[in-house]
Amino acid sequence: MENIMPFVKSLDGLVDFSQKSLLISACAIAFNPLFWNIVARREYRTKFLTRLFGGHAQAACYALAFTIFSLGLLRDFLYERALRHQPSHPLLEGDLATMAGYALLACGNILVISSTWQLGITGTFLGDYFGILMDSMVTGFPFNITNAPMYYGSTMSFLGTALLYGKPAGILVTAEVLVVYLIAIQFENPFTAGIYAKRERERAAAGGKKKVEGKKEL
Ligand SMILES: *[C@@H]1O[C@H](CO)[C@@H](O)[C@H](O)[C@H]1NC(C)=O
């Protein structure tokens, strides 16, 4: 806390902390990954969503995908509303900042869209927690440049938007986005790896069984 107070003070004038919209935006950003991780892990353990959809894992996953996507739109809307309530800074209002903003938005969207294209809807939106696994690991672009193109792409879009609006508060919120996603990656990647490792073990066991059965026939 002693460390954070001088930091907040140094932002005085750059960021208007009295705006409620800023806090609401910050909460929405933290809430979304929390929401999908809690729901997805519960689905993995109990299959409650699949059961809700009459045993159709695919339909359940699409419903969760639609919900996560909608929450993302709401979060983006709340972010832009928060930015409009914040002071601008001359350093961020020049052509250079605007061009950097567009470039970041373009790169961020390329990462997010190409990653969704590669993984498909269920691959993007936690299908593995529903037992819908990819046949093999995707290694092509954008996964050959980053292991989390979705998260880094989204972070770039947040920063790009901050620059387009010329708002220092947007840069602060982008830092929050990055931290939230870095935590999410730490939390999600080992779990996903575990799900796939389990499948490999089961495949190996099934393969071994087949071999034994084959031997019996000889
Ligand atoms: C990633 O893959 C794309 C398309 O296959 C390719 O053009 C690009 O050079 C690769 N990048 C790296 C860093 O390997």
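Residues numbered from 1 in each chain as written. Predicted model: local features only at pLDDT ≥ 70, side-chain atom pairs only at ≥ 80, totals over all residues. Heavy atoms only, no water.

(A) Inspection of helix α6 (residues 149-165) at higher detail. With 17 residues, α6 extends 24 Å between its outermost C-alpha atoms, agreeing within 8% with the 24 Å of an ideal straight helix rising 1.5 Å per residue. Of the residues making up α6, those classed as buried are Pro 149, Tyr 151, Gly 153, Ser 154, Thr 155, Ser 157, Phe 158, Gly 160, Thr 161, Ala 162 and Leu 163. Immediately beyond the C-terminal end of α6, within one or two residues, lies Gly 166, with a positive phi of roughly 70°. (Helix = DSSP H or I, 4+ residues; strand = E, 2+ residues; numbered from the N terminus. Expected span 1.5 Å × (residues − 1). Buried < 20%, exposed > 50% of the residue type's maximum accessible area, 1.4 Å probe, protein only.)

(B) The packing of helix α4 (residues 57-84) against α6, seen in detail. Contact geometry for α4 and α6: axes closest at 10 Å, N-to-C directions at 25°. Taken together, the axes of α4 and α6 are roughly parallel relative to one another. Helix-helix and strand crossings are classified by hand; for α4 and α6 the assignment is right-handed. Across the interface between the two elements, Arg 75, Asp 76, Tyr 79, Glu 80, Leu 83 and Arg 84 of α4 pack against Ser 154, Phe 158, Thr 161, Ala 162 and Tyr 165 of α6. (Axes fitted to C-alpha atoms, helices over the stretch in contact; angles between N-to-C directions. Parallel < 35°, antiparallel > 145°, perpendicular 65-115°, else oblique. Left-handed = near helix turned anticlockwise from the far one by under 90°. Contact = heavy atoms within 4.5 Å.)

(C) Layout of the UniProt feature "binding site: S-adenosyl-L-methionine" (unreviewed entry) in the protein. As annotated by UniProt and renumbered to match this structure, "binding site: S-adenosyl-L-methionine" (unreviewed entry) occupies Ala 106, Cys 107, Gly 108, Glu 188 and Asn 189. What stands out for the annotated residues spanning 84 residues is how far apart their C-alpha atoms range, the widest pair being 26.2 Å apart. Tracing the backbone through its elements, the reader meets Ala 106 in helix α5 (residues 95-124). The class for Ala 106 is partly exposed, based on a relative accessible area of 39%. Structurally, Glu 188 can be placed in helix α7 (residues 168-217). Not counting the four nearest positions on each side in its chain, Glu 188 is found in contact with Trp 36, Asn 37, Tyr 129 and Tyr 151. A distance of 2.8 Å separates polar atoms of two side chains, one belonging to Glu 188 and the other to Asn 37. (UniProt positions renumbered as here; feature names shortened; annotations may be inferred. Polar contact = N/O pair within 3.5 Å; in protein donor to acceptor, adjacent residues only side chain to side chain.)

(D) Structural detail: the side chain of Thr 161. In this structure, Thr 161 sits in helix α6. With a relative accessible area of 10%, Thr 161 lands in the buried category.

(E) Quick peek at the pattern of salt bridges. Inspection of the entire model under this criterion finds four salt bridges. Linking Lys 198 and Glu 202 is a salt bridge whose minimum nitrogen-to-oxygen distance equals 3.4 Å. Highlighted residues: Lys 198 and Glu 202, both in helix α7, separated by four residues, approximately one helical turn. Look at Lys 198 and you get partly exposed, because its relative accessible area is 38%. The exposure class assigned to Glu 202 is partly exposed, which follows from its relative accessible area of 46%. Ionic pairing is found between Glu 200 and Arg 203, a salt bridge with its closest N-O pair at 3.6 Å. You can see Glu 200 and its partner Arg 203 sitting in helix α7, three residues apart, about one turn around the helix. (Salt bridge = Lys/Arg side-chain N within 4 Å of Asp/Glu carboxyl O.)

(F) Main features of unusual backbone geometry. Along the chain, Phe 141 connects to Pro 142 via a cis peptide bond; the corresponding omega equals 5°. Along the chain, Pro 142 turns up in the loop between α5 and α6. With phi around 55°, Lys 47 is a residue other than glycine that occupies positive phi space. By the element assignment, Lys 47 lies in the loop between α2 (20-46) and α3 (48-52). For Leu 126, which is not glycine, the phi torsion reads 65° and is therefore positive. Mapped onto the elements, Leu 126 comes out in the loop between α5 and α6.

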